[in-house]
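# Structural overview
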Amino acid sequence: MILNVKNETSRLRAVVLGSALNNGPTPTADEAYDPKSLEHILAGTYPVEADMVDEMEAFNQVFQRYNVKVFRPEMIENYNQIFTRDIGFVIDDIFIKANILPDRNRELDAIQYVIDQIDPKKVVRPPDDVHIEGGDVMLWNDYIFIGTYKGSDYSSFITARTNMAGVNYIKNLFPHKIVKEFDLVKSKLEARDNALHLDCCFQPVGKNKGIIYKSGFREEADYVYLVNLFGKENLFHITRDEMYHMNSNVFSIDENVVVSERNFTRLNNWLRDNGFVVEEIPYAEIAKQEGLLRCSTLPLIRD
């Protein structure tokens, strides 16, 4: 398999879509990886497997309609395998294995059969001190945008997933690209103030547009950088509540086709007004785990 991913929106040909089958019991509060999951665990509203399986199948059906080759992880019993974006990502023709939370290493094993179809010289894994997850890596042709957390208390945040060593690793691997890091707001307790990954507060759509949440950036200069690059008129600004519901975590199948959650009324209307075909599906149960459509995909080939 020859990989090719240079941006977020070119026509998708092959993808790894996560799986909610055999997802395991509701985690305990101590097992929660993020504040939104914790919130739903404590409230007794954590999603049930059957609902999440239905949501992921709705996503899969959209891919089938667009003739996208879909790979699924091999099933591991009682294990959450929904968010494939975290475990690896493709830049150009290179597959980068993520250094994820140690508890999640088996997720990578479950897609080894896909990795085995790639030229081994095109598969890399960073050293142990390099932390980077796919949700923090956003491709925009000559640019690679990377979410990080620059606070001195990085190691105390389970919600800080990509460190500056991760940013520098990508800079060294792709010296011909413009690599720009963004310092993200993190919270262990309040999901409305936690940008778990870059795609929780920003994502490009189409050729020159994007969805953005200004308060997801610790430094206003990072937000201004994107405004200057895309043009304010091309950016859809989401609210704190819309960020909480993951409005920036949609997924592009093509430059004019966006898969979105059916309840994102304001966003979906804006997309249609700007000429996009919006494929609306239910995904609100999966959203309770602080991840959405982009999080549950790992694109392998785009035109």
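Above this text sits the structure in question.
Not measured: the values here are computed from a predicted model.

The rules we used
Residues numbered from 1 in each chain as written. Predicted model: local features only at pLDDT ≥ 70, side-chain atom pairs only at ≥ 80, totals over all residues. Heavy atoms only, no water. Pairing = 2+ DSSP bridges. Helix = DSSP H or I, 4+ residues; strand = E, 2+ residues; numbered from the N terminus. Axes fitted to C-alpha atoms, helices over the stretch in contact; angles between N-to-C directions. Contact = heavy atoms within 4.5 Å. Buried < 20%, exposed > 50% of the residue type's maximum accessible area, 1.4 Å probe, protein only. Phe/Tyr/Trp six-rings, centres within 6.5 Å; stacked < 30°, edge-to-face > 60°. Polar contact = N/O pair within 3.5 Å; in protein donor to acceptor, adjacent residues only side chain to side chain. Core = buried A, V, L, I, M, F, W, Y, C linked by side-chain atoms within 4.5 Å.

### Digging into the sheet that holds strand S8 (residues 178-183)
As a general point, the strands of a sheet are linked pairwise by backbone hydrogen bonds and lie either parallel or antiparallel. Spatially, S6-S7-S8 is the arrangement adopted by the 3 strands of the open sheet, whose pairing is mixed. Each edge of the open sheet carries a strand with a single partner, namely strand S6 (137-140) and S8. Strand after strand, the sheet turns through a mean of 20° between neighbouring axes, direction not considered. Relative to strand S7 (residues 143-148), S6 runs antiparallel, the two being bridged by 4 bridges. By the bridge assignment for S7, methionine 138 is matched with phenylalanine 145. The strands that helix H5 (residues 164-173) touches are S7 and S8; relative to S8, the one it contacts most, it runs at about 170°. On top of the sheet, helix H6 (residues 220-230) reaches S6, S7 and S8; it is set at about 135° to S8, its chief contact.

### What to know about the side chain of serine 296
Within the element layout of this structure, serine 296 appears in the loop between strand S14 (277-281) and strand S15 (297-302). Classification of serine 296 as buried rests on a relative accessible area of 0%. Excluding its chain neighbours within four sequence positions, the residues that come into contact with serine 296 are Val16, Leu17, Gly18, Met56, Phe59, Ile82, Phe83, Thr84 and Tyr283.

### Quick word on the packing of aromatic side chains
Across all of its chains, the model carries 14 aromatic pairs by this definition. Relative to phenylalanine 251, the ring of phenylalanine 59 lies with its centre 6.0 Å away and its plane at 75°, an arrangement referred to as edge-to-face. In this pair, phenylalanine 59 is assigned in helix H2 (residues 49-65) and phenylalanine 251 in strand S12 (residues 251-254), connecting sequence segments 192 residues apart. Under the relative-accessibility criterion, phenylalanine 251 is labelled buried at 1%. Summarising the aromatic geometry, the rings of phenylalanine 145 and phenylalanine 182 are spaced 5.7 Å apart at their centres and angled 75° between planes, so their arrangement reads as edge-to-face. A residue pair is termed long-range when its members are at least 10 positions apart, and phenylalanine 145 in strand S7 and phenylalanine 182 in strand S8 qualify at 37 residues. Accessibility expressed as a relative area gives 0% for phenylalanine 145, which makes it buried. Since its relative accessible area comes to 0%, phenylalanine 182 is described here as buried. Three or more aromatic residues joined by ring pairs form one cluster here, namely Trp140, Tyr143, Phe145, Phe182, Phe202, Phe217, Tyr225 and Phe230.

### Here we look at the side chain of aspartate 222
Here aspartate 222 is to be found in helix H6. A distance of 2.9 Å separates a polar side-chain atom of aspartate 222 from the backbone nitrogen of aspartate 183.

### A word on the nonpolar core
Judged by nonpolar contacts, the single largest core of 58 residues is most densely connected at Phe59, Phe63, Phe145, Leu198, Phe202, Phe217 and Ile253. For phenylalanine 202, the contacting residues outside a window of four places in its chain are Met138, Phe145, Ile211, Ile212, Phe217, Leu226, Phe230, Leu235 and Ser248. Core analysis: the second largest hydrophobic core is formed by 33 residues, Val90, Ile100, Ile132 and Leu139 among them.

### What about the sheet that holds S14?
Read from one edge of the open sheet, 3 strands run S12-S13-S14, paired in mixed fashion. With partners counted over all chains shown, the strands left at the sheet margins are S12 and S14, one partner each. Sheet twist, expressed as the mean angle between neighbouring strand axes with direction ignored, is 30°. Relative to strand S13 (residues 257-261), S12 is paired through 3 bridges, and the arrangement is antiparallel. Residue phenylalanine 251 lies in a different strand from S13, and its bridge partner there is valine 259. Against the sheet, H2 contacts S12, S13 and S14, and its axis sits at roughly 150° relative to S14. Each of S13 and S14 is contacted by helix H8 (residues 265-273), which is oriented at about 155° to S14, the strand it contacts most.

That is the geometry; function is a separate question.
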